[in-house]
Amino acid sequence: MQTLYFDLRDTKGQQKSIEDKISAAAKILRDGGLVGIPTETVYGLAANGLDEKAVARIFEAKGRPQDNPLILTIPGQQWLPRYCKDIPPLAYVLARKFWPGPLTMILKCRTDVVPPAITAGLDTVAMRCPDHPVTLAIIREAGIPVAAPSANTSGRPSCTTAQDVLEDMDGKIEGVVDGGPCAVGVESTILDLTCDPPRLLRPGGLPLEDLERLIGHIDVDKAVTRALNEGEKPKAPGMKYRHYAPKAPVTVITGAPEKSAQEIVRRVKPGDGVICFDEFAHLFKEQEVHTLGPSGDKLAHSQRVFDALRTFDNSGVQEIYAQCPDNRGLGLAVGNRLKKAAGFHVIEADSAKVVLGLTGGTGAGKTSALRAIESMGGTVIDCDALYHDMLEHNEDMRNAIHTTFPGVFSMDGRLDRQRLGKEVFEDKDRLEQLNAIVYRFLRPEVSRILEEGGAGLYAIDAINLLESGADALCDRTVAITSPLELRVRRIMARDGISEQYARLRISAQKPDEYYRGKCDCELNNGAETAEAFQQEAREFFERLVETVKEEKAHGQA
């Protein structure tokens, strides 16, 4: 098959010639053919999205797994009702702000119209309106939505020029439209609007921060930071399989730019490949180097990352080491592509100590949240257990309590817990006196434990985290909250008590509003099971820890 080449880099040229090329490309699509098309993100491999045979040819040309859904590309939001149902108002809010542009929205699908080859059998469909005048003109001329995954052979780095497309697809498809190099360089951001809150399935050319400024909190899917497990079904392109990978194995080095560069220097061998920021290229005189641009220029990173990965396929390097930008702005998308190219083989150049403080009322789910911390390899400092241990072994604290509460220690030094409890719980002032003593000794002990511990993740578990001053030892404080009725049910099941007693216990504690107003973050537990909340908490903490580490690496914490 001869692949036709349509040069539309100059759209200010002879109008008749431009219109003829657009019409020819549109006719190929209407007739069931495949065309490489430009977008602001990467080049796409387009076919009639309503023609199952044409869509099947995309999978064949790319060597793409059949369970990997495709994006349906349209010229504007007015086409959404043709292919989607139960469209939330939020979709139109986002479309008005960000379309045309690098945003793909997951919506409920009209399965009577959209073939299952597009959705991989799901009841949802990915919709996008690209910001490229040539491609929008072709779609309008064709009068059909187009399926347009990236125009590379599946598993290879995506294409950011028409020449990249020809390298992978020449002779396999009917045409390639050259609209010039892509302005963004990484694929679109994919946002699932079929759940509440919306969920980021793939970071891309539209930064997460821009979305959250408009619509508030967005959950981040676990596939953004790790590979999906066997059997997990992807809801959107780019979630499951190893993508963007050159032939040589890739290792990604994260951390502050200076430290990640030094870590590559320590590991790299003569003849290896290096992807690095401009200012560190001089360190690798015995390696093949491709630069991403200055360390602070995220747009340059996104424009160059796929070109760097693809270029290594034409060299004989045995291994590739890549510096990784931080997760802010476009850095989240660039880092995601590099980590997928590496099969999530990531090394941290500078380990950091991250301390989280967890607090909240009984029944909110703090135990499950702490289990999530432990599942991440974190160390939990249980302040309640620490307090009881100090009552037995910390002589200074024992003496302070004995002076203020004479008679609570027996002649042999044993604490009469019942007597102490009766005295403080019957008199609010006496309780405050006891707390003041405990806080005076507890905080230095927690600080000592943290100082003696090495780098890593730590969680301070304390219902009185804020009152004791232990919050000052934390990088972030997290309020664990939950709807009242769920808390009541959990306490009844956990402690085997009546509903009335469960409500009394909750009413005796500070309300969620107190913790919500004083903590840095809130983790709300609306899950039906402890296991489900533990998974949600892990995803929340993974993202939070990553943010804290980046701030520390860049001198912001």
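Residues numbered from 1 in each chain as written. Predicted model: local features only at pLDDT ≥ 70, side-chain atom pairs only at ≥ 80, totals over all residues. Heavy atoms only, no water.

Undergrad: Got a minute to help me understand the environment of Asp 326 in this structure?
TA: Summarising the element assignment, Asp 326 is placed in the loop between β15 (320-323) and α11 (331-341). Overall, Asp 326 belongs to the buried group, its relative accessible area being 10%. Through-space distance from the C-alpha of Asp 326 to that of Val 548 is 11 Å; in sequence the pair is 222 residues apart. A distance of 3.0 Å separates polar atoms of two side chains, one belonging to Asp 326 and the other to Lys 298. Of note is the side chain of Asp 326, whose polar atom sits 2.8 Å from the side chain of Arg 328. (Helix = DSSP H or I, 4+ residues; strand = E, 2+ residues; numbered from the N terminus. Buried < 20%, exposed > 50% of the residue type's maximum accessible area, 1.4 Å probe, protein only. Polar contact = N/O pair within 3.5 Å; in protein donor to acceptor, adjacent residues only side chain to side chain.)

Undergrad: How should the side chain of Arg 202 be read in this particular structure?
TA: Residue position: Arg 202 is located in strand β10 (residues 199-202). One buried charge, Arg 202, has no salt-bridge partner; the nearest side chain with opposite charge is Glu 187, at 5.2 Å. Within the structure, the side chain of Arg 202 is placed 3.0 Å from the backbone oxygen of Ser 188, a separation counted as a polar contact. (Lys, Arg positive; Asp, Glu negative; His and termini not counted. Salt bridge = Lys/Arg side-chain N within 4 Å of Asp/Glu carboxyl O.)

Undergrad: Help me out: how do you make sense of unusual backbone geometry in this one?
TA: Keep in mind that most residues, glycine aside, have a negative phi and that most peptide bonds are trans. Cis geometry is adopted by the peptide bond preceding Pro 100, which originates at Trp 99 and carries an omega value of -10°. With respect to the helices and strands, Pro 100 occurs in the loop between α4 (89-98) and β5 (103-108). Residues Asp 196 and Pro 197 are joined by a peptide bond in cis, for which omega reads 0°. Along the polypeptide, Pro 197 turns up in the loop between β9 (189-192) and β10. In the Ramachandran plot, Ala 120 falls in the positive-phi region, its phi being about 55° despite a non-glycine side chain. Mapped onto the elements, Ala 120 comes out in the loop between α5 (116-119) and β6 (124-128). One non-glycine residue, Phe 344, adopts positive backbone phi at about 60°. Counting through the fold element by element, Phe 344 comes out in the loop between α11 and β16 (346-348).

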